Amino acid sequence: MLKLLRTDGFLAYVLANGSTFAGFQIRIVAQSWLILELTNSSFMIGVINSLTHFAILISSIPGGMIADRINRKQTSLISKFCVSLVAIVTAALVFTGYVQLWHLVIACILMGFALAYGNSSFEALMFDLVGRVNFYRAVSFNTIISSIFSAVGPIVGGLLVVRFEISGMFILVAIVYCISWLSIYPIPSVSRRTSNVVSLIQALRDMRDGIKYSLKTPGVNWVIVMVGGVMFWGALQPVIPAYTRDVLDMGAAGYAYMMGVSSIGSVITALVVFVIGDVRKKSLLLVVSVLFYSIGVVIFGVTESIYIAYFGMFLSGCAGALIITVLFTLVQTVVDETIRGRVLGVAQVGMQLLGVGYLAGGLIAEILGLSLAIIIPAILWVLLSIFAYTASREFRSF
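Caption draft 1: Structural view of the overall build of the protein. Scanning the protein from N- to C-terminus turns up 18 helices and zero strands. Taken over the C-alpha atoms alone, the protein extends approximately 50 × 45 × 45 Å along its principal axes. Split into buried and exposed, the 398 residues of the protein put 59% on the buried side. Counting contacts in the protein only where the partners sit at least 6 residues apart, residues at least 24 apart contribute 87% of the total. Put simply, the protein shows about 15,800 Å² of open surface, and 71% of that area lies on carbon and sulfur atoms. Positive and negative side-chain charges of the protein, numbering 24 and 16 respectively, have mean locations separated by a distance of 12 Å.

Written as structure tokens, this is what we have:
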């Protein structure tokens, strides 16, 4: 453990990643509530929040190719700077009272393209720093810090809402993203990649090879499918703020606290994983984690008690940390090193099916009601996980 913590650049990476997670969490809370105030529609929450993920979806494959060919630190710096700039402009619009729905649409799209450019490079940086042997423990420690940031962020945001209304939370998003950008500077450029210019044909071949490897390699293809399963997590996100307001009768601060409790559960689980260290049968652990996550959100979605809802979110947070740790580990440790960046790009495409989930969750909520919009995605995610585990011997071996 001490060797891991003494790894040059690792703590700076953890700070950058924790800030990114916190920024994402606070931004979703703030933006979802603002959209709810502007439109009074769960569906519109899903539509607008999905735009970031669709922008990442269409540009993640090139981002993976960039991660394999261009210096990963420099790529990450450019990406985080652009994200910070979008967050600062958005916060200024909200603070001055000039924000309109179309501003959020443009901000979400720009945020998505900025993230897609550097996501694969940034994720690959941690493997470059710590190596394969220490990677699982590094991911679990990283999850601890990210979960702490994600827990504290919404809670602090909730306090700012009480004092400054929703603009205080958007200002916090901008500050946190700037911390993420600046934290990358101390990270050493351990990657030996240089900014070589390649032809369009070679770039397209690189992207094709990454897609082919990801989808045709036994076991790896099911890891990618499980990454895509996060769309069911996405389906829950536009529903939670409306359920918190309309069923639990809680305001913006209460919604922020609810998400904070979920992140506290993630912190506890991540600490346990870090202490235990590497485990075998990660694929089985992933399936069990999805099961318990789904149980937690179903508990949240069928109760009118604030305290039971808190318990449901806490349980889902505990399981969510395991899902994140296992998925991030598998994506980078079961693939060939020479193509890892491109596989991460494909995984990013799967991750951005969150956008489809946002749309589906908002639509289900409008048609069938809030509770069913929570229960249906939870059940489907469990069924997908069980099917993946039973369908592939190679996946079960991970």
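Caption draft 2: Structural view of helix α13 (residues 282-302). In a regular helix each residue adds 1.5 Å, so 21 residues correspond to 30 Å; α13 covers 30 Å between its end C-alpha atoms and thus fits that length. Considered for burial, the residues of α13 that qualify are K282, S283, L286, V287, S289, V290, Y293, S294, G296, V297, F300 and G301.

Caption draft 3: Region of interest: the packing of aromatic side chains. For the structure shown, the criterion picks out nine aromatic pairs. Aromatic rings pair up to connect F81, W181 and Y185 into one cluster. The cationic tip of K80 hangs over the ring face of F122; the distance from NZ or CZ to the ring centre is 4.3 Å.

Caption draft 4: Inspection of the packing of helix α9 (residues 220-228) against helix α15 (residues 340-351) at higher detail. Two elements in contact, α9 and α15, have axes whose closest approach is 7 Å; the angle formed by their N-to-C orientations is 35°. As α9 runs across α15, the sense of the crossing is right-handed. Taking contact as the criterion, the partners of I224, V227 and G228 in α9 are, on α15, V343, V346, A347, G350 and M351. Its residues placed into classes, the contact of α9 with α15 shows six nonpolar, two polar and no charged.

Caption draft 5: Inspection of the state of the cysteines at higher detail. Scanning all chains against the criterion turns up zero disulfides. Here C82 is not cross-linked by a disulfide; its sulfur's nearest cysteine counterpart is in C178, at 12 Å.

Caption draft 6: Region of the structure containing the nonpolar core. Core analysis: the biggest nonpolar cluster contains 91 residues, and I166, F300 and F395 have the highest contact counts within it. At nine residues, helix α2 (residues 10-39) tops the list of elements feeding residues into this core. For I166, the contacting residues outside a window of four places in its chain are A30, W33, L34, V94 and V161. Counting residues in each nonpolar core, the second largest holds 24 residues, with F10, A16, F122 and F135 among its members.

Caption draft 7: Expanded view of the side chain of S50. With respect to the helices and strands, the residue S50 is situated in helix α3 (residues 42-69). For S50, the side chain forms a polar contact with the main-chain oxygen of V47, separated by 2.6 Å. Setting aside residues no more than four positions away along its own chain, S50 makes contact with G355, Y358 and L359.

Caption draft 8: Expanded view of unusual backbone geometry. Even without being a glycine, N40 presents a positive backbone phi close to 55°. Exposure remark for N40: the relative accessible area of 52% places this residue in the exposed category. At K281, a residue that is not glycine, the phi angle is positive and equals roughly 55°.

Caption draft 9: Geometry of a nonpolar patch on the surface. On the surface, L15, F95, I171, I175 and I179 cluster together to form a nonpolar patch covering roughly 430 Å² of accessible area. By residue number, the principal contributor to the nonpolar patch is helix α7 (residues 166-183), which donates three residues. Under the relative-accessibility criterion, F95 is labelled exposed at 57%.

Caption draft 10: Spatial organisation of the environment of R340. Structurally, R340 can be placed in helix α15. It is 8.6 Å that separates the C-alpha atoms of R340 and A67, two residues lying 273 residues apart in sequence. Not counting residues up to four positions away in its chain, the partners in contact with R340 are D68, R72, A124, F127, D128, Q332 and V335.

Caption draft 11: Quick look at the pattern of salt bridges. Applying the stated criterion across every chain yields a total of four salt bridges. Here D209 and R208 are joined by a salt bridge, their closest N and O atoms 3.2 Å apart. Linking R245 and D246 is a salt bridge whose minimum nitrogen-to-oxygen distance equals 2.7 Å. Overall, R245 belongs to the partly exposed group, its relative accessible area being 26%. Residue D246 is classed as partly exposed on the basis of its relative accessible area, which comes to 47%.

Caption draft 12: Structural detail: the environment of G46. With respect to the helices and strands, the residue G46 is situated in helix α3. The residues touching G46, leaving out its near neighbours within four places in the chain, are P238, Y358 and L359.

Caption draft 13: Molecular detail of the side chain of S59. Within the secondary structure layout, S59 lies in helix α3. Among the polar contacts listed, one links the side chain of S59 to the backbone oxygen of A55, at a separation of 2.6 Å. Dropping the residues within four chain positions of it, S59 is found in contact with F113 and A116.

Caption draft 14: Layout of the packing of helix α12 (residues 252-276) against helix α14 (residues 306-333). Packing of α12 against α14 brings their axes to within 7 Å, and their N-to-C directions diverge by 45°. Relative to α14, α12 is oriented oblique. Remark: the crossing between α12 and α14 carries right-handed chirality. For the contact of α12 with α14, the class distribution of residues is 15 nonpolar, eight polar and no charged.

Each value, and the rule that gives it
- Residues numbered from 1 in each chain as written.
- Predicted model: local features only at pLDDT ≥ 70, side-chain atom pairs only at ≥ 80, totals over all residues.
- Heavy atoms only, no water.
- Helix = DSSP H or I, 4+ residues; strand = E, 2+ residues; numbered from the N terminus.
- Buried < 20%, exposed > 50% of the residue type's maximum accessible area, 1.4 Å probe, protein only.
- Contact = heavy atoms within 4.5 Å.
- Areas by Shrake-Rupley, 256 points an atom, 1.4 Å probe, with all protein chains shown as cover.
- Lys, Arg positive; Asp, Glu negative; His and termini not counted.
- Charge placed at Lys NZ, Arg CZ, Asp CG, Glu CD.
- Expected span 1.5 Å × (residues − 1).
- Phe/Tyr/Trp six-rings, centres within 6.5 Å; stacked < 30°, edge-to-face > 60°.
- Lys NZ or Arg CZ within 6 Å of the ring centre and 35° of its normal.
- Axes fitted to C-alpha atoms, helices over the stretch in contact; angles between N-to-C directions.
- Left-handed = near helix turned anticlockwise from the far one by under 90°.
- Nonpolar A, V, L, I, M, F, W, Y, C, P; charged D, E, K, R; others polar.
- Disulfide = S-S within 2.5 Å.
- Core = buried A, V, L, I, M, F, W, Y, C linked by side-chain atoms within 4.5 Å.
- Polar contact = N/O pair within 3.5 Å; in protein donor to acceptor, adjacent residues only side chain to side chain.
- Patch = residues over 30% accessible without salt bridge, like charges linked within 9 Å, V, L, I, M, F, W, Y side chains within 5 Å.
- Salt bridge = Lys/Arg side-chain N within 4 Å of Asp/Glu carboxyl O.
- Parallel < 35°, antiparallel > 145°, perpendicular 65-115°, else oblique.

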